[in-house]
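Observations on the model geometry
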Amino acid sequence: MLDPRTVLAPSDRPAFAEGDEVGVKQFSFRELTVRRFRQHPTAKWALLVLGIIVVACYGAPLWHLLFPGWIQGIGEFHLEDVESPPSFKHLFGTDQYLGLDIFSQVLYGGRISLVIGLGSMAMATVIGVAWGAIAGYFGGWLDAVLMRVVDVFLTIPVLLTIPLASKVFGHADTLTIMMIFGFLSWQSIARIVRSTFLSLREMQFAEAARALGVGPMRIIFRHLLPNSVGPIVVAFTLGVAFNIVLEAFVSFLGFGLQPPIYSWGSIISNAQGDLINGNWWWITFPGLTITATVLCMNFIGDGFRDALDPKIVNN
Amino acid sequence: MLGYIARRLLQSVPTLFLISIVLFVGMQLIPGGPMQAFAFNPRMSLAAREAIIHRWGLDQPISVQYVKWLTSMLRGDWQYSFFAGRPVKDLIADHLPATALLMGTAYIVQEALALPAGILAALRRYSVFDTFVTFFAYVGYSMPTFWLGLMLLMLFAVFLRVLPVSGVVDLNLTGAPFLSGDYHDWFFQHPVVGVLDVARHIILPATTIAIVGIAVDSRFMRASMLDVLHQDYVRTARAKGLPERAVVLKHALRNALLPVITSIGLQVPLLFSGAIVTESIFSWPGMGQLFFQALTDFDYTLMMGILFVSAVLVVLANLIADVTYALVDPRISYA
Amino acid sequence: MQRFRHLIRPIAAGFAGALIAAACGPSPTTTGPPTVSLTSDYKAIKGTTGGKLTYSDWQKVDNLNAFASSSAAISQATDVIWAWTWTFDPKGKAVPDLVKEIPSTDNGDVKKIDATHMDVTINLKPGLNWSDGSPITADDLKFTIDTICNPNASFGGGTTGYDHIASMDVKSQTSLVLHFGPALTKDSKDSSGAPAYRCGLSDKLDSGIYSPFISIMNFQPMPKKKLGSVDPGTWTTNPYFTQLPDPTSGPYKVKSYSPGPAAVVIMVPNTHYHDGRSGADFFADGPYLDQLTYKIYGSTQAMIAGLAAGETDIGLNLTVSDVPALSAITTRKTAVVTGLISEWLTFNEGNNTKGCEAQKFAATCGTTTLFANDRQLREALSKGINKDAVNTIRNKGQGGVMNTMFFAGFGTTWYDTAKELYKQDAAAANAELDADGWAKGSDGMRSKGGKKLAFTITTTGGNQARVAMEQEIVKDWAAIGAQVTLDNCATNCFEDFPTGGTFSTGQYDISLFANNWSPDPDIMCLYMQANQIPSSASPSGNNWGRIKNPAYDKACADEEGSLDVATRIAAFKRMQDEMLKDWSFIGLEVRPDVNAYAPYAGNFAINPTSGLSVWNFADLFRVKS
């Protein structure tokens, strides 16, 4: 029966260490995973689409240089184009006040949103892995204390404390938001790593290493961590997706980035007052972009999960 | 069993304690502190400011303030809202019914759609229906709730004009705001019209909240069902010759539903925050809108009251989830 | 009580806030829906009794306490519930409400005793009653003024002018005499030796003469018999202001009130409103309606939808961006009027004290801004802005460009219109900067003596139209070699000095905010007098630009201390001359006021002054079709 609180069931078969000689060609765990991932059609397409989005967004300044009439530069606007619906010149239309090209805004905004999503999860992973590893490996009272702290964080409603946190830091810039999100995201990774370590550490190869006198640090880094990569990767991917939506939410409430720096969420926030005028393009396209990006990430994350979880594979 | 519940309850106390400290300290850290609320009027004299500080007890050390705050909260004295001048408890009590109505409706809609969809998808795995449900679940989970709300608003209320833009009731129809004394009188005289009126207004916000829940729950139901369907005892039941319907309804379903029910409890905090933005978009006079306003104005006492209530709710939800789970899964020992 | 708030309150995320202010002369709008004529005097039509009307705003009404808040949405309720001593018509002229006549030297109600003393007599109409039938008396007036000045009341802002009153006398049941004179100060002691000071005054006052008192010192009397024994510190939580006010003095009284962002105030006629008013010039015949409802929508678009659906008859506090949607509503008319809301940039001519919290923003802390002693820089920056583009972006061209630094809305009597200044002249700006020593670097940006011409504009956030306007300014100034960044002070902008408010403590280079003027130009002195510079000694001064100009100080002292209009005009004209030399501000544009109303709302008269468009709701009626 599934436990709704654990994100994943940890793999209960250890991977073969690379270079093992068994006679028949064995794929390493990594190769097996990649193979299974590639057989997952949606995940493949999702990776492709995500790649396109990332390249499009990060390359925005380059596109501006190459196609200046089509992609606007930062801070550029043309008053005469104000409030025009989608056309060839303005793929996503323009805004109500300055004639800003929404397509360019979405591209530039994407850089901010993606960097916040990835950066915050990177930070969360580092903290979470360290925390969970120590709790999971050493166990006992240390584990209890560390996990209690995690519980406290998890029970505080995140979506209520983020506006509070951004108020504490005054108006937030990209780095501050990234750090705030990172601080609020590491807890689930810590939990996953801890439960993975708890089960892995009882296995024979870990016992053997301990019997041989290998130090705890080496055991953690050389033996336990590599086998936990699977769940961590999945949590990372899904976490990035969640944080992108979270950032949009925070910006939408007005507590995130302030104009003229736009993230996807703040574009939607600016657009909502204009709905009554029939200005549908301003709000539709940025939202579709968020949905598409997050959808791709969710597909990829689930692709990893399916590739790594032997239970589903066997079914 | 009772011992397990009691132990979990006791364990929640230090958690709540810690949460309250974190919240309290967090509020103090905000630049300007609680006095921010009053300082909007720069022509206030120094003496007036000091009078306020003294009256609210803000000139005492933080530890003293915390103890005073905690004891008054536990005693039930939640003070007055800075901006509304009314007791925080009254404000929360006034706004809770609207949120409860919205949440309840969203929950019912959500589970009524998600559970059957998940079960059917599991039974007809790899069919068109299954693919559709899975895809819909993915998309629903990926969409930002607030964007979905705005899109629905734009489509149905602005372009098609079939549903109202905001509020709970049509003031022209009822002549009195929702849940006021006059409204009750009017409602008892026109119950059918009243219910239809509220229903018209609740469709869009409830759908907005429910979609994410449908996405998550349908997938979880499907996964849980699949998991159960491949268990040995199901195979045994089939081998025994029991009709498929009995197999599904009597054996598999009951076991598959249990984790889903547990997860429903865990969704309470998500619903609460989903309500913040949905209620603001649709001008639904509930707790979410109240909190959003309190946050924007920095209405200190009101914010603390709402955060306290939500923290308690979350801890309670987790507790119920834990206990339910322990009750139904015989593999968990009450150690 | 001082009605006018000189600042815009913090703007909620995503929404624009607009306070309606006093106007003296309308500015013509160029395009868009027809404006309401403000050229003829208001004359009420005799209406028909019966019917219901609903009027709306979109910003929340948390309480019904006019003293405790500067919110226009709240005032639009409280102005209908409580009557004023006097109010202002759409042209900014004072109109008697509870008083028999407006105090002036002509009718003897204002008497100058000597160089530092004057007496003002407030005469109520005889026979006025509260909604429960008890009389409105001079005791109520005195009680209200005493409460305004009571430090425990913490009304936050209404004491300007009242601090010039040394003592008051109740002459009769309907007559109160205010003795203006050098009032007690914080060092004064009363007869028992205890400290006694008047109305938050912290400096010695030389003269009690205060000529702008008509624009600033009108107030809404409160019932002494109901609130006299209540500690003024608890007024904000008293059920009289938070649940049900009774008794009251306005044309309608509250039947039920549910507060918040979806507030609804249901009002019924005050049967005693007419007592004492027969034969009066104004408000003699109301109230007409059976029920008046004030409904708050959470957002502008909800309100516009409500107007379209016929759920509300009058929509207030809209913006020009809403005009296209409003024009589509055939059952409602839209009116766009420019009033007295203007937006301007203020240079910080002192130190930018960001980070000086530890030193409590001492005047010596922080770095001196580029504008402190550089008049030519200020002039060049002024000339570099394209104000027409700014007006187009901010007001869709339907506002007015601020051509002069002296705000034109005060009326042409007070200043010299021939001294028009504004003309965007980037070439002249460039030349001036070159001459001033600001050399252009290779990247096009200027620097002088190692310092780059880089600075920040600080404003409240959350208003897209304003941000868009800022981006135009950034573009214009980049063209003359200045590197400008944008910053937001969010909710901390307008707080006072002790709380660390951004503008008060000088934590900015250039500030951008809207100003909500009163009809009397004296209000500009609050931003320009040296004794108004905020500090721990003077925590609520408004001279956030830290302007120290003796010419301004002399002009302000002269005009405040004289009741003679000619002397005042001369003083203001001297002030204007100095402004043209000093370049302390950059006025940008005048923001229009947008309302939508049903054609059957009889006597609805849009009022872009502090009277607000509800000023004459005693005359409001529903035209029978």
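Right, let's talk about the environment of valine 233 of chain A for a bit. Residue and element names in this part refer to chain A. Here valine 233 is to be found in helix H9 (residues 216-253). Of the residues examined, valine 233 reaches a relative accessible area of 26% and is grouped as partly exposed. C-alpha of valine 233 to C-alpha of threonine 196: the two residues are 37 residues apart in sequence and 13 Å apart in space.

Another point: the sheet that holds strand E16 (residues 439-440) of chain C. Strand pairing in a sheet is mediated by backbone hydrogen bonds. Such pairs are either parallel or antiparallel. Residues and elements named next belong to chain C. If you walk across this open sheet you meet the three strands as E16-E17-E18, and the pairing is antiparallel. Single-partner strands in this sheet number two, and they are E16 and strand E18 (451-452). Strand direction decides the pairing type here: E16 and strand E17 (residues 446-448), joined by two bridges, are antiparallel. Within the sheet, the bridge partner assigned to alanine 439 lies in E17 and is serine 447.

Let us look at the pairing of strand E7 (residues 175-180) of chain C. All names here are of chain C. For E7, a buried count of five out of six residues is recorded, marking the element as mostly surrounded by other parts of the structure. Relative to E7, strand E5 (residues 117-123) runs antiparallel, the two sharing six bridges. The residue of E7 that forms the bridge with aspartate 119 is histidine 179. The hairpin turn running from strand E6 (residues 165-172) into E7, its antiparallel successor, is two residues long.

Let us now look at the confidence of the model for chain B. With 86% of its residues at a pLDDT of 70 or more, chain B shows a mean pLDDT of 79. Within the model, the stretch residues 39-43 of chain B combines pLDDT values under 50 with 26 contacts to residues more than four positions away or in other chains.

With that settled, consider the environment of tryptophan 284 of chain B. Residues and elements named next belong to chain B. Inspection of the secondary structure assignment puts tryptophan 284 in the loop between helix H12 (268-281) and helix H13 (287-297). By relative accessible area, which is 0% here, tryptophan 284 ends up buried. It is 9.5 Å that separates the C-alpha atoms of tryptophan 284 and histidine 95, two residues lying 189 residues apart in sequence. The contacts of tryptophan 284, once residues within four sequence positions are left out, are Ala98, Thr99, Leu101, Leu102, Gly167, Val168, His201, Ile202, Pro205, Glu279 and Gln289. Here the side chain of tryptophan 284 touches alanine 98 through a polar contact of 2.9 Å, landing on its backbone oxygen.

Turning our eyes to something else, we now look at the sheet that holds E5 of chain C. All names here are of chain C. As summarised here, the arrangement of the four strands in space is E4-E5-E7-E6, forming an open sheet in which the pairing is antiparallel. Because the sheet does not close on itself, it has two edges, and the strands there are strand E4 (110-114) and E6. For this sheet, the mean inter-axis angle between neighbouring strands, taken without regard to orientation, is 20°. Inspection of the sheet shows E4 paired to E5 by four bridges, in the antiparallel sense. Its bridge partner lying in E5, aspartate 114 is registered against histidine 117. Helix-sheet contacts for helix H2 (residues 138-149) involve E5, E6 and E7, and the interaxial angle to E6 is about 165°.

Residue and element names in this part refer to chain C. Mapped onto the secondary structure, threonine 85 falls in the loop between helix H1 (72-81) and strand E2 (86-88). Taking relative accessible area as the criterion, threonine 85 reaches 0% and is therefore assigned buried. Those residues in contact with threonine 85 that sit more than four places away from it in its chain are Pro96, Asp97, Leu98, Val99, Leu141, Asn218, Phe219 and Pro221.

Let's shift gears to the packing of helix H8 (residues 204-211) of chain A against H9 of chain A. Residue and element names in this part refer to chain A. Contact pair H8 / H9: the axes reach a minimum separation of 11 Å and the direction vectors enclose 180°. Here H8 is positioned roughly antiparallel relative to H9, judged by the angle of their axes. For the pair H8 and H9, contact is made by Phe205, Ala206, Ala209 and Arg210 and by Ile219, His223, Leu224 and Asn227, respectively. A breakdown of the residues in the contact of H8 with H9 according to their chemical character gives five nonpolar, two polar and one charged.

Thresholds applied
- Residues numbered from 1 in each chain as written.
- Chains lettered and ligands numbered in written order.
- Predicted model: local features only at pLDDT ≥ 70, side-chain atom pairs only at ≥ 80, totals over all residues.
- Heavy atoms only, no water.
- Helix = DSSP H or I, 4+ residues; strand = E, 2+ residues; numbered from the N terminus.
- Buried < 20%, exposed > 50% of the residue type's maximum accessible area, 1.4 Å probe, protein only.
- Pairing = 2+ DSSP bridges.
- pLDDT = per-residue confidence, 0-100.
- Contact = heavy atoms within 4.5 Å.
- Polar contact = N/O pair within 3.5 Å; in protein donor to acceptor, adjacent residues only side chain to side chain.
- Axes fitted to C-alpha atoms, helices over the stretch in contact; angles between N-to-C directions.
- Parallel < 35°, antiparallel > 145°, perpendicular 65-115°, else oblique.
- Nonpolar A, V, L, I, M, F, W, Y, C, P; charged D, E, K, R; others polar.

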